[in-house]
Amino acid sequence: MDKILEALVSSSHPVNIKRAIVKKVMEAAEKEVTEEQCQALYHLTTRLILLGEDAFQRQVGLQVQEAYARFHRDEFARFLSKEYVLGLLQQGFDTLDRRDPAILDFLHGSLRLLISCPAVLELAPLLQTEVLRMICERPEPATCAKLATILTDFPQCIPQEKAGVLFCQQLVRTFAYFHCPATEERELREYVTQVTRVSALLHGIWKAEPATLLPSLQEVFAIISSTDPSFEPSIALASLVQHIPLQMITVLIKSLTTDQNVKDASMTQALCRMIDWLSWPLANHVDTWVIALLKGLAAVQKFTILIDVTLLKIEQVFNRLWYPIVRQGALVVLSHMLLSFQHSPEAFHLVIPHVVPLVQSLKNEGLSNSKTFLLQFAELVHCMMYQYSGFPDLYECILESIKDLPKLSEEKIKFVLNQSAWTSQSNSFASGLPKLTGKSETGKTGLVNLGNTCYMNSIIQILFMATDFRRHVLSLPLNGSNTLMKKLQLLFAFLGHTQRAAYSPRSFLEASRPPWFTGGSQQDCSEYLRFLLDRLHEEEKTLLALQVTSPKPEPASPSAKTVYNAASQLAADVPSHAVVAEGNGRTLVERMFGGRLSTAIRCLQCHSLSEKEEPFTDLSLAFCPSMSQPLGSTDEHKGSSTMGSCQGAVNGGSESLEGSGKEGAGTRMERPVVEPTLSVPDLVDYFLAPEILENDNCYFCECCGALQRAEKVMRVVEAPEYLILTLLRFSYDATCHVRRKILDNVGIPMHMCLPLRQHGSTASSSSSNAAASSLSAAASSSSDSPESGENLAKKLKPSQKEEGLMDSRTKSEINGNDSKIKSVPYVLSSVVMHSGMSSESGHYYSYGRNVSSTDGYVAQPCPKTQGNSSLSEVSTAPMEEMGNCVDHKSMDWFLFNDNRVTFTNFQSLQNVTSRFPKDTAYVLIYRKQEISGQPSNAGPVVNGSILSGEPPLQKELMDAITKDNKLFLQEQELNARARALQATSASCSFRPNGSDDNEPPGSCGPSGGGGGGGFNTISRLVF
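On a predicted model such as this, the values are computed, not experimentally measured, just so you know.

Engineer: Would you mind showing me how to read the packing of aromatic side chains here?
Structural biologist: For any two aromatic rings, the description comes down to two numbers: the centre-to-centre distance and the angle of the planes. With the rule as written, the count across this model stands at 24 aromatic pairs. An angle of 75 degrees between the planes, with centres 6.0 Å apart, marks the rings of Tyr191 and Trp280 as edge-to-face. One end of the pair, Tyr191, is in helix H11 (residues 185-208); the other, Trp280, is in the loop between helix H14 (264-276) and helix H15 (286-299), with 89 residues separating them in the sequence. With a centroid separation of 5.7 Å and 40 degrees between ring planes, the pair formed by Phe593 and Tyr722 is classed as tilted. With Phe593 in helix H30 (residues 588-593) and Tyr722 in strand S12 (residues 722-727), this residue pair connects regions lying 129 residues apart in the sequence. Among the aromatic residues, those joined into a cluster by ring pairs are Tyr455, Trp516, Phe517, Tyr528 and Phe531. Sitting over the face of the ring of Phe373, Arg327 holds its NZ or CZ atom 5.1 Å from the ring centroid.

Listed below in structure tokens is the structure:
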């Protein structure tokens, strides 16, 4: 067969005939072939692959070898022996040099054919030795990139332990030789791709083996600090910077700047080369490291180095502003260098000739971010001209070019200059960089803000504080899966058990962020919550469907059996009324947050009734048009509420234009200026109140066959375990065509009751009464449009005249002859607050406490109500009784503000809007309470017993937390050593002014958890 194939590929027959014969040869691979024939074919195909005269011969070699290796894998494993591989790597193949990238391509393809064979493990020790030898020979970027691809696909071939440390050091040293002589764009792109691939390999090794990181960084510094004039390292080293954890800035910078063994010449060389890295495209955090080193040198008063480097590199940094791909990082470094160089105008005057051409270029670029960048650059220029006044001949043309751009106030300029001076770094250096500290006294873990991700952090914290939901999530047997629920489980495990003060939820953000959310931008936390619950629900529903069609696995051990039993019991852990509605196949989201709404529409012409049920995970509560009195207090008020009182706003209430403020923002707690005029039960009443469908919103009656005026009534027929309420504070003013935020202070009760209609028998319905089959339908119906929830505010109460026309028959129909109203008690679990004037800006933070159906307060049955009682009476009457109860756990509240967690109390939550009018409740979660004498839906069930405490962590979760905690302790130890080294050079520390008494909890300042720049944001990036 090999002779035929060899003669065929070298013959002069047409290509189509050759391909047909090759196909026959490949089909023959399925038949029995002798060992000798296989070996002969493998040798021939290897020769064709490596030495083929044209692409056709190489392609034939690949196809035939793959076909025979698939059906005769053992023979191919014997062919690819250790001796054969060693010969390829050390001697090459025939005329092919051993360093030729084609040999690595062949080896990679061969290993892929044996990916599940033990032969790969047998070759691993040999390859570990050979790849270390090859890296020490300083291969070209193309060869190194192919080697990185092999090691990425086959990590067992990466050198281990001491050899692994040496491999990383030599790979870093190889980076220094990655010079690129190419000038064409295609070659440059290929070069950058190759370097990126090799740096990704190093990143993977650092993550898998943290012990290799520090020796690698020491090698990087040794390279860039070299003063050998004959050696200039490649700026490709910049691609490694983005993989160095920012948490190590504190340790590394302090160690470098206080190490007496590092000479000033070496430090100067290292800093200059790091500044050169600003030219490397796609390199992240280079500016952060450069500024950290500049600040560190200022803190230890090494001003000579700073002066020399600034004067040497300031023009080069300025020239980087011409290139959009690197200009933002270059501007940050340029700003720091110029603003801190305050003893002389020399540095600023070096760049003055280039200012006007750059301004003109930015004005003419037309890029989306050019205008913003120009504003930042103009502010810098104004600061510098203020600092070094007295040179009108130099500044006149600059002032003319930026005269139409805004100028900072004198106070702001003075503040910026004062904070940037080298002499201030000795105070700010210690607090400007992140310090690794343990958890707060609360014992709770904060969440790192990854760039306007407070909307996600606040939602994660309130879900974590939903005790029973958290316990169910942690009890799910999800080992080995990569689902969103698994990522949530891992996140919950870290929040409960990590030793870090704040955990970085980057992985969960990437997995759970809605595709239409722009990274780095503020988003609506309510929209994110709906999307998250819907994703979790759909994911679990798919898995449940797969489990129905596949056999159940047998547990392998008693511990696994316990976990498996817990999982099988989850479906049975459902309230009795939910079992009737959904059965045992409900998802966790349905069991915890799912309720059902019944919508009844009665035609006011023929009095026919149509009713249907729909699932929901949250109720969007609109504000009533009239704020004169609490809605639902009397029937007369119901009749007087008309659309005319809305004054053009969709959601009603007291509104404020985005960007405007309210008076009294600084009022103390003892004398609030905004007293609640509404409470949450009022808004629930308004949501459930009858609505008249008329005018453009008429109802098409099937009985009448025409559009008719109708009355719509919604009732809750199944109460969720956790009731999520969203206050629709962001409305659209159709008259002014602007979005407004409703700043009304809504009273938040600790306890409330939800009116629930109980079925006695199947209710009659003239049309659809089948419920939607999934929660996604409910979620999509409320989130398809940003304004969809606000349409709930277009409610009209029936007038007294119309109510008088309702006979007893139709009244009994719409109330339900076979149903009665029951009040379900709830207790407040958590609240998300929004601070600001717009859903696209501001800041989110949350209040929460641990509460379950059996913890603390046990509700007594709410007063019995008749089916025709008003909704407001149903939901507000129990409030008066519950308001007299003293909740002994009212002090067990926590304030979650991104990475900061503090103790608080319920009184602070109730008064926050009175003190800070822009801080308003947005999303609330209430926990359904156990009623005496009735069964409850408590925690997960294991071996028939309900777990009242936290479930034990599964091994996979415990291993992940243990590994991270060990890394944290190592970081703490390094940080402690660094602080000891700096004790003599930074004896005092700078603390930003401000406290909880002077700032709202939602402030994004030093005590808040919002945004900001500089080093306060470094701790938000966790390796």
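Engineer: What should I look at first to understand unusual backbone geometry in this one?
Structural biologist: Trans peptide bonds make up most of the peptide bonds, and negative phi angles are found at most residues other than glycine. Backbone geometry at Glu161 places phi at a positive 55 degrees, although glycine is not the residue there. When you line up the elements, Glu161 lands in helix H10 (residues 161-175).

Engineer: Would you mind showing me how to read helix H6 (residues 82-91) here?
Structural biologist: Residue pairs three or four apart in sequence face the same way in an α-helix, which turns once every 3.6 residues. When we look at burial in H6, the residues that qualify are Tyr84, Val85, Leu88 and Leu89. Summarising the axial view, the buried residues of H6 lie within an arc of 125 degrees, below the 170-degree limit, and thus occupy one face. Opposite the packed face of H6, turned more than 90 degrees from it, sit the exposed residues Glu83 and Gln91. The secondary structure elements touched by the buried residues of H6 are helix H3 (35-51), helix H5 (73-79), helix H7 (101-113) and helix H8 (118-136). Once H6 finishes, Gly92 follows within two positions and takes phi at roughly 85 degrees, a positive value.

Engineer: Explain the environment of Ser199 to me, please; I cannot follow it from the model alone.
Structural biologist: Its place among the elements puts Ser199 in helix H11. In sequence terms Ser199 and Val241 are 42 residues apart; their C-alpha atoms lie 9.4 Å from each other. With residues near it in sequence (within four places) discarded, Ser199 still touches Phe175, Ser239, Leu240 and His243.

Engineer: I tried to follow the confidence of the model for the protein on my own but got confused; where do I start?
Structural biologist: Reading fine detail from the predicted coordinates is not recommended where pLDDT is low. Summarising the model, the protein shows a mean pLDDT of 75, and 72% of its residues fall at 70 or more. Overall, residues 555-583 carries pLDDT values under 50, and its contacts beyond four positions in sequence, including any with other chains, amount to 46 contacts. The model gives residues 627-673 a pLDDT under 50, and that stretch makes 105 contacts with residues more than four places away or in other chains.

Engineer: Before we go on, may I ask you to explain a nonpolar patch on the surface in this structure?
Structural biologist: Together, Leu282, Trp322, Tyr323 and Ile325 give the surface a local cluster of nonpolar side chains, amounting to about 440 Å² of exposed area. Examined against the element boundaries, Trp322 turns out to sit in the loop between helix H16 (303-319) and helix H17 (327-340). Trp322 gets classed as partly exposed once you look at its relative accessible area, which sits at 32%.

Engineer: Even after reading the chapter, I still don't get the packing of H10 against helix H12 (residues 213-224), so can you show me in this structure?
Structural biologist: To characterise two packed helices, one gives the angle between the axes of the helices and the distance between these axes. It is at 9 Å that the axes of H10 and H12 come closest, and there the two elements cross at 30 degrees. Looking at the two axes, H10 sits roughly parallel to H12. H12 is crossed by H10, and the crossing has right-handed handedness. Contacts between H10 and H12 pair Val165, Cys168, Gln169, Val172 and Arg173 from the former with Pro215, Ser216, Glu219, Val220 and Ile223 from the latter.

Engineer: Honestly, the pattern of salt bridges in this entry has me stumped. Any pointers?
Structural biologist: Where side chains of opposite charge bring their charged atoms close, a pairing between them can arise. A full pass over the atoms with the stated rule returns 33 salt bridges. For Glu956, the salt bridge is made with Lys486, and the minimal N-O distance between the two is 3.4 Å. In this pair, Glu956 is assigned in helix H38 (residues 955-982) and Lys486 in helix H25 (residues 484-497), connecting sequence segments 470 residues apart. Assessed through its relative accessible area of 8%, Lys486 is described here as buried. Of the charged contacts in the structure, one is a salt bridge between Glu538 and Lys541, with a shortest N-O distance of 3.4 Å. Of this pair, Glu538 and Lys541 both sit in helix H27 (residues 525-549), three residues apart, which is roughly one turn of the helix. Assessed through its relative accessible area of 30%, Lys541 is described here as partly exposed. Among the ionic contacts, a cluster of salt bridges with common partners joins Arg98, Arg99, Glu130, Arg133 and Glu137.

Engineer: What exactly am I supposed to notice about the pairing of strand S4 (residues 609-616) here?
Structural biologist: Within a regular strand, the side chains alternate between the two sheet faces. Taken across its eight residues, S4 has six buried, putting it largely inside the fold. Relative to S4, strand S3 (residues 595-603) runs antiparallel, the two sharing eight bridges. What sits directly across from Gly595, in S4, is Phe616. Counting the residues in the hairpin turn of S3 and S4 gives five residues, including His607, whose phi is positive at 65 degrees.

Engineer: What should I look at first to understand the environment of Trp277 in this one?
Structural biologist: The residue Trp277 is located in the loop between H14 and H15 in this model. In this structure Trp277 comes out as buried when scored by relative accessible area, which is 6%. Those residues in contact with Trp277 that lie beyond four places of it in its chain are Val220, Ile224, Ser234, Ile235, Leu237, Ala238, Val241 and Val286.

Engineer: What exactly am I supposed to notice about the side chain of His843 here?
Structural biologist: The residue His843 is located in strand S18 (residues 843-848) in this model. Classification of His843 by relative accessible area gives buried; the value is 0%. Looking at His843, its side chain comes within polar contact range of the side chain of Asn897, at 2.7 Å.

Engineer: Hey, could you run me through the side chain of Asp524 in this one?
Structural biologist: Its place among the elements puts Asp524 in the loop between helix H26 (506-512) and H27. As a buried residue without a salt bridge, Asp524 has its nearest oppositely charged side chain in Arg530, at a separation of 6.0 Å. Of note is the side chain of Asp524, whose polar atom sits 2.9 Å from the backbone nitrogen of Ser526. Reaching out from Asp524, the side chain makes a polar contact with the side chain of Tyr922 at a distance of 2.8 Å.

Engineer: For this particular structure, what's the right way to read the packing of H7 against helix H9 (residues 141-153)?
Structural biologist: Taken N-terminus to C-terminus, the directions of H7 and H9 make an angle of 10 degrees; their axes are 9 Å apart at the nearest point. Between H7 and H9, the interaxial angle falls into the category roughly parallel. Residue-level inspection shows Pro101, Leu104, Asp105, His108, Leu111 and Arg112 of H7 in contact with H9, the latter providing Thr143, Lys146, Leu147, Thr149, Ile150 and Asp153. Split into classes, the residues belonging to the contact of H7 with H9 amount to five nonpolar, three polar and four charged.

Each value, and the rule that gives it
- Residues numbered from 1 in each chain as written.
- Predicted model: local features only at pLDDT ≥ 70, side-chain atom pairs only at ≥ 80, totals over all residues.
- Heavy atoms only, no water.
- Phe/Tyr/Trp six-rings, centres within 6.5 Å; stacked < 30°, edge-to-face > 60°.
- Helix = DSSP H or I, 4+ residues; strand = E, 2+ residues; numbered from the N terminus.
- Lys NZ or Arg CZ within 6 Å of the ring centre and 35° of its normal.
- Buried < 20%, exposed > 50% of the residue type's maximum accessible area, 1.4 Å probe, protein only.
- Arc of directions from axis to C-beta.
- Contact = heavy atoms within 4.5 Å.
- pLDDT = per-residue confidence, 0-100.
- Patch = residues over 30% accessible without salt bridge, like charges linked within 9 Å, V, L, I, M, F, W, Y side chains within 5 Å.
- Areas by Shrake-Rupley, 256 points an atom, 1.4 Å probe, with all protein chains shown as cover.
- Salt bridge = Lys/Arg side-chain N within 4 Å of Asp/Glu carboxyl O.
- Axes fitted to C-alpha atoms, helices over the stretch in contact; angles between N-to-C directions.
- Parallel < 35°, antiparallel > 145°, perpendicular 65-115°, else oblique.
- Left-handed = near helix turned anticlockwise from the far one by under 90°.
- Pairing = 2+ DSSP bridges.
- Polar contact = N/O pair within 3.5 Å; in protein donor to acceptor, adjacent residues only side chain to side chain.
- Lys, Arg positive; Asp, Glu negative; His and termini not counted.
- Nonpolar A, V, L, I, M, F, W, Y, C, P; charged D, E, K, R; others polar.

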